[in-house]
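# Coordinate analysis (summary)
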Amino acid sequence: MKDMNQIRYIDPLKVLGKALLQVEKPNRYVGGEYGRLAKQEADLRLLIAFPDLYEIGMSNQALRILYNRLNQLEGVSCDRAFAPAPDFEQLLRSRGIPLYGLDTGISLGDLDLLLFTLGYELGITGVLAMLETAAIPLRALERTEAHPIVIMGGPCVSNPLPYALFVDAFWIGEAEGGFFSLIPELRALKMAGEGRAALLEWVRAHPSVWAPGKQRAKRAVDQAFALREPSPAVFPVPSMKVVQHHGAVEIMRGCPHGCRFCHAGYWYRPMRQKSAKTVRAEAAAFITQGGYREISLTSLSSGDYRYLADLVDALNAEHGEAQVSFQLPSLRVSTFSLPLLEKIAAVRKSGLTFAVETPVDAWQLAINKDVSRDTVLAIVQEARKRGWRGAKFYFMIGLPLESPKTPEDPPQHEAPEEVEIVNFILEIARRTGMHFTINVGTFVPKPHTPYQWAAQMDEATARQKLAYIRFTLKAQGHKVGIQDPFVSVLEGVISRGDERVGDLIEEAYKRGCRLDAWNEYIRQDIWQALFDEQAALIEEIRGRKPPDQPLPWQGIESGMSRNHLNREFCKAEAQEITSPCIEKCTNSCGICAKDIKIVENNIHDDTLHQDKMPVCAPDAPTWRILFAFKKQGTAVFHPHLALIEVFSMAMTRAGIPVRYSQGFNPLPKLEIASPVAIGITAEEEIAAIDTSIFFSAEHFKKALAPQLPGGITLGETMHVAIPRGGKKHSLASLLWGFSYKWPQNEEIDLVKAHDEKKYRLEGGALGDFWGLTRLSLWAKGLKDPNTPESYFKVYRELYPEANCEAFQ
């Protein structure tokens, strides 16, 4: 572990500069977001690393929980880093620059603890890329006192053996179940003068930590999940669109249903529901502190949340008039309600999604679901009457759906599963007149589930079945998406492998594998060559496991007994269903104990209504605020659409009464006069926002300024009133051109708008205008359109400056 004066901090703008323009989406790598929490001065330096691209990692709930909670601890700093795309990885290597944290710029190799959260098995090559790019030895045994302790958590480490070569210690289970108490203990040890070896020994001794050589580790469970005061993981707020660009409030952890294929359903038992009061408080924080206008109420089965409809009513009453919408991404068909879905769609229209998994009712019993064809048909028919015109269906092939084989059993008449899936969709389509989107994946057996002993379908068979589904349904006008069956096989090999898979992963990485979850990056040729070389190992992992055979992950105590999982496996083969978890169940899995139990929300019809937002009268003018802003530093890498989102979210945080468009997806009436190219500094850009009521320019500036991310600052502001029926001039229609200054001279160039692109291209090759500054935008003069004038001057001539009393 290194002293303060040995730690290296990276400023990407200084050390990379215009080279950042050579990589795709450079704003992935520059930080500067609103709500950064990590700090350079700290006793214990941590970093939470996500082994995928920024736009995936910043959508990850586990990362956000860890980042927010760890940065609340005294004397602790927790930065963030994400896997570099190949172009950025190559740039770092060519310059000899280590991978760094986005908040402080700390080199990953100079940390005390490097924390990986692994939510998908194919992220492991991203882990190795991050380690090597940070100059940290790939293998744990090769690390010294000069290197950070590497700890990995997340659902994938329910079987840590495939990753054991690379990781010093594994946190098993939920971080709230003890990890946040462990960190202050490590800080105290470091402050007492202890080094890496002593800290690692302390970590390994924790009952929820597994490491090579340790026989047992018990899954940590957050016993206070449903009882804790609201603790929303709001920060930081991304400055670019991420995959799930919305606030995420976890309303429930665990699931009462025992779907036998579902790893998360078993791993996160028991079900614990937050109170409606806590959910409302956390949703409000994502809106007022984060600026989000779309909030997902997340869980494994949101329809099982007690009094869910009342909760949605309360949230709509509190935030609907501010054009905030709520989503329920995980509704089981058995808990599906169209009236509930219509409440969710009050602001933004949502789609219909059915996770059917398998189309035959008897097969549903085998996987412990109850989604009958008649139920789905009834819902879709009613949805059609209520205005829905399509729906999405999810299926899996390769599930172990063996029928009973005793002489007393009646003969079975099911067609092959791919035929049954096609028949299911065609029948629903015929009887509703609708077209659907269908997604089909290949089943992957997972540890700590009843199907952990099951065989996985081979790639060739899966590919043949998927081709039949896609060809047949596309010919009938349906959209069909399939998961590559090779990727499913790879996922299965890693998820159920042992230490030998670690060697396979390392060799794949050294041959060039990166970001295997992405179709554009995965190197199937490399993995296939390795599979061919290790054919016996691959077949061993893919095949069926005898129930009495030791499994690689048997040292990980999930809390569920092996006997319970075995009983469920037998019931699956007999196509018998198991009832959902309840507090006093008759089919104990072993997870509930004195201090670990099911918790349900008990707040019923306890709505909290806020004062309604004031709205303008029918004959009121259009209130418009014209404002100037600077775009400097890390903000020069924000593209135009990202900048619009940055301002939109900042205005929500600031409580500015923005006026929205009409329709299914209301948008703020915000306009930026002209996009500015990535990499160009802007000294005085012009934008305008319409407000629903009078809101003075002075209050606007005061409220908005502290809500903006790094590199964006406000300049002059002005409020005008456009009389009802008056012409509303867009900023773009008034644009005359720009003032530019090149870095190598002090001369200022005036450039007309239609000449701007040509002007920049004449400056040289891409990147040669790094350092170019756009000083200001000019509007067309009202008397002479060929004469540039200040936008503020033109606006004063076009419209009276707003005065609330003057228009009342």
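Summary of the structure given here. (Residues numbered from 1 in each chain as written. Predicted model: local features only at pLDDT ≥ 70, side-chain atom pairs only at ≥ 80, totals over all residues. Heavy atoms only, no water.)

Another point: the environment of Arg389. As for its position among the elements, Arg389 is in the loop between helix H13 (373-385) and strand E14 (390-397). On a C-alpha basis, the gap between Arg389 and Leu46 in space is 49 Å, while along the polypeptide they are 343 residues apart. Among all residues touching Arg389, those that are not within four sequence positions of it are Arg384, Met434 and His435. (Helix = DSSP H or I, 4+ residues; strand = E, 2+ residues; numbered from the N terminus. Contact = heavy atoms within 4.5 Å.)

Scanning all chains against the criterion turns up six cavities of 30 Å³ or more. The computed volume of the largest cavity comes to approximately 90 Å³. Lining the largest cavity are Arg28, Tyr29, Leu53, Tyr54, Ala81, Phe82, Ala83, Phe88, Leu99, Tyr100 and Leu102. Of the residues assigned to the lining of the largest cavity, the class counts are ten nonpolar, no polar and one charged. (1 Å grid on protein atoms, 1.4 Å probe; cavity = no way out; pocket = protein on both sides within 12 Å on 5 of 7 lines; lining within 4 Å. Points joined across faces, edges and corners; volume = space filled by probe spheres on them. Nonpolar A, V, L, I, M, F, W, Y, C, P; charged D, E, K, R; others polar.)

Looking now at the sheet that holds strand E6 (residues 209-210). Read from one edge of the open sheet, six strands run E2-E1-E3-E4-E5-E6, paired in mixed fashion. At either margin of the open sheet sits one strand with a lone partner, and together these are strand E2 (76-82) and E6. Relative to E6, strand E5 (residues 169-171) runs antiparallel, the two sharing two bridges. Bridging across to E6, Phe170 finds its partner in Trp210. On top of the sheet, helix H5 (residues 124-133) reaches strand E1 (44-50), E2, strand E3 (113-117) and strand E4 (149-153); it is set at about 160° to E3, its chief contact. (Pairing = 2+ DSSP bridges. Axes fitted to C-alpha atoms, helices over the stretch in contact; angles between N-to-C directions.)

Let us look at helix H21 (residues 640-654). For an α-helix the count is 3.6 residues per turn, leaving residues at separations of three or four pointing the same way. For H21, which comprises 15 residues, the first-to-last C-alpha distance of 21 Å matches the rise-based estimate of 21 Å (1.5 Å per residue) to within 8%. In terms of residue burial, H21 counts as a mostly covered element, since eleven of its 15 residues are buried. Along H21, the residues that are buried comprise Ala642, Leu643, Val646, Phe647, Ser648, Met649, Ala650, Met651, Thr652, Arg653 and Ala654. (Expected span 1.5 Å × (residues − 1). Buried < 20%, exposed > 50% of the residue type's maximum accessible area, 1.4 Å probe, protein only.)

It is worth spelling out unusual backbone geometry at this point. The step from Phe235 to Pro236 runs through a cis peptide bond, and the omega angle for that step is -10°. On the secondary structure map, Pro236 appears in the loop between strand E7 (217-218) and strand E8 (247-250). Arg269 connects to Pro270 through a cis peptide bond whose omega is 0°. Checked against the element boundaries, Pro270 lands in the loop between helix H8 (263-267) and strand E10 (272-273). The backbone of His448 sits at a positive phi, close to 65°, despite the residue not being glycine. Note on placement: His448 falls in the loop between strand E15 (435-442) and helix H15 (459-474). Looking at His448, the relative accessible area reads 4%, which means it is buried. Phi is positive for Leu515, close to 45°, though the residue is something other than glycine. By secondary structure assignment, the location of Leu515 is in the loop between helix H17 (499-510) and helix H18 (524-533).

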